[in-house]
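The primary structure of each chain is shown beneath.
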Amino acid sequence: DVYKRQVSTQSTGREQIIKISILLHGRLGMGCTSSAGAEPEVPASFRAPHFTAGPVNTSKEDELWKEENWKSDTEDIWRRKLAVLPVHIDLPRLCRKFYVYQNNTTICGKDFKDSLSIVEVKESILDICSALAQALDGEEKSNNIRNRFDEYFGTQENMGNLSSTLFRFLNEVVEESSRTASVLKACHQKIIFPGFYLIKSKIFPHLPFRDVRGSWQIHININPDKVVIQHVKRQQDKDEPPEFEFEWELVIELSRDVRQFLSTSAQVRSYTTSAQASHPRKEEVKSVICPLLENDSSS
């Protein structure tokens, strides 16, 4: 009923923004077939640049994905409008492992249990947005985010419609023009697809793998000369019991004013094999993964 009412509403402003958030994005698992199709038409002010990386369906080989384009594809996604990126969908589920540092000192982030209450989710979202704003946009912006938070989330007592509420808050309070928004546009699932394809293309044909549930972490380090966003994820052997596991990262570097996309890289950080794995199997894992360890995969 909510969906029908919002779709039938032709007025501009808040209701139309909610309509866009409902239509745009479904959940996309890194190892699952996506049912999401092409992005629907949205108002001209919200339209995004064309993304050339092909379908976001990671359970198939992507004929349209080109390895040599993966860095520019990542930048193209980041340059899209906040309103057409799934930040509002992903932030509530990622906020429990979201860390912000300023000059290598933690200013936001704590280790939560696997499941958060609605109160903890709201507190985490507020802490992330206000901490980024304080460091990047200044005290006035940070205070405005804190002062207006309850205007949107004060009556939010469960996870239902949380993403649509967050969508309005991000677009109306955080705002597209803010530096905070520029960083958040590098903190969602769609931004890691090109880097994930790169890692997958090197490993999956030889060693099929799957996600390690709940392993995704996001680290944002605000340095004097640049802002570094680091996504860290773990994958494991697709078979049971798993005989190998590896951790990989996607790193995005932005200018200190977060207006320029400086670079991106994707690489394997570490791997392990189980005690039950045979020696030939361990050697196979080593031969596939070791070339990607501590290796610049940015080209």
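Placed above this text is the structure.
Overview of the structure. (Residues numbered from 1 in each chain as written. Predicted model: local features only at pLDDT ≥ 70, side-chain atom pairs only at ≥ 80, totals over all residues. Heavy atoms only, no water.)

**Focus: the environment of R179**
Tracing the sequence through the fold places R179 in helix α8 (residues 179–184). Residue R179 is classed as partly exposed on the basis of its relative accessible area of 29%. Taking the C-alpha atoms as reference points, R179 and V258, separated by 79 residues in sequence, lie 6.2 Å from one another. The contact partners of R179, leaving out residues within four places of it in the chain, are L136, D137, D257, V258 and R259. (Helix = DSSP H or I, 4+ residues; strand = E, 2+ residues; numbered from the N terminus. Buried < 20%, exposed > 50% of the residue type's maximum accessible area, 1.4 Å probe, protein only. Contact = heavy atoms within 4.5 Å.)

**So, the packing of aromatic side chains**
To describe a pair of aromatic rings, one takes the distance between the centres and the angle between the planes. What the rule picks out here adds up to ten aromatic pairs. Plain terms: the ring middles of F153 and F169 are 5.6 Å apart, the flat faces sit at 75 degrees to each other, and that makes the pair edge-to-face. With F153 in helix α6 (residues 139–153) and F169 in helix α7 (residues 162–174), this residue pair connects regions lying 16 residues apart in the sequence. The pair formed by F153 and F169 is uniform in burial state, with each residue classed as buried. Ring geometry for F209 versus F246: centroids 5.2 Å apart, planes at 90 degrees, classification edge-to-face. Separated by 37 residues along the polypeptide, F209 in strand β3 (residues 209–211) and F246 in strand β6 (residues 244–255) bring together distant segments of the chain. Judged by its relative accessible area of 5%, F209 is buried. (Phe/Tyr/Trp six-rings, centres within 6.5 Å; stacked < 30°, edge-to-face > 60°.)

**What to know about the pairing of strand β7 (residues 261–273)**
Along a regular strand, successive side chains alternate from one face of the sheet to the other. Across eleven bridges, β6 lies against β7 in antiparallel orientation. Looking across to β7, one finds that L250 is bridged to A266. Connecting β6 to the antiparallel partner β7 that follows it, the hairpin turn spans five residues, and V258 within it adopts a positive phi of roughly 50 degrees. (Pairing = 2+ DSSP bridges.)

**As for the packing of helix α5 (residues 118–136) against α7**
Where α5 meets α7, the closest approach of the two axes is 13 Å, and the angle between their N-to-C directions is 20 degrees. Here α5 is positioned roughly parallel relative to α7, judged by the angle of their axes. Crossing of α5 over α7 shows right-handed handedness. Here I118, V121, I125 and C129 of α5 come into contact with α7, specifically with L162, L166, L170 and V174. Considering only residue class, the contact of α5 with α7 consists of eight nonpolar, no polar and no charged. (Axes fitted to C-alpha atoms, helices over the stretch in contact; angles between N-to-C directions. Parallel < 35°, antiparallel > 145°, perpendicular 65-115°, else oblique. Left-handed = near helix turned anticlockwise from the far one by under 90°. Nonpolar A, V, L, I, M, F, W, Y, C, P; charged D, E, K, R; others polar.)

**Describing the environment of V251**
Inspection of the secondary structure assignment puts V251 in strand β6. The exposure class of V251 is buried, given its relative accessible area of 14%. A sequence separation of 19 residues divides V251 from V232, and the C-alpha atoms of the two residues are 8.7 Å apart. When sequence neighbours within four positions are dropped, the list of residues in contact with V251 reads V228, I229, Q230, S263, T264, S265 and Q267.

**What to know about the packing of α6 against α7**
Close contact between α6 and α7 brings their axes to 10 Å; oriented N to C, the two are set at 145 degrees. You can see that α6 and α7 cross each other, and the crossing is right-handed. Where α6 approaches α7, its residues K141, N144, I145, R148, F149, Y152 and F153 are matched on the opposing element by L162, T165, L166, R168, F169, E172, V173 and V174.

**Details of the nonpolar core**
Counting 72 residues, the largest nonpolar core has I203, I220 and I229 as its most contacted members. Here the element with the most residues in this core is α5; it accounts for eleven residues. Beyond its immediate sequence surroundings of up to four residues, I203 is in contact with F209, F246, V268, V288, I289 and L292. (Core = buried A, V, L, I, M, F, W, Y, C linked by side-chain atoms within 4.5 Å.)

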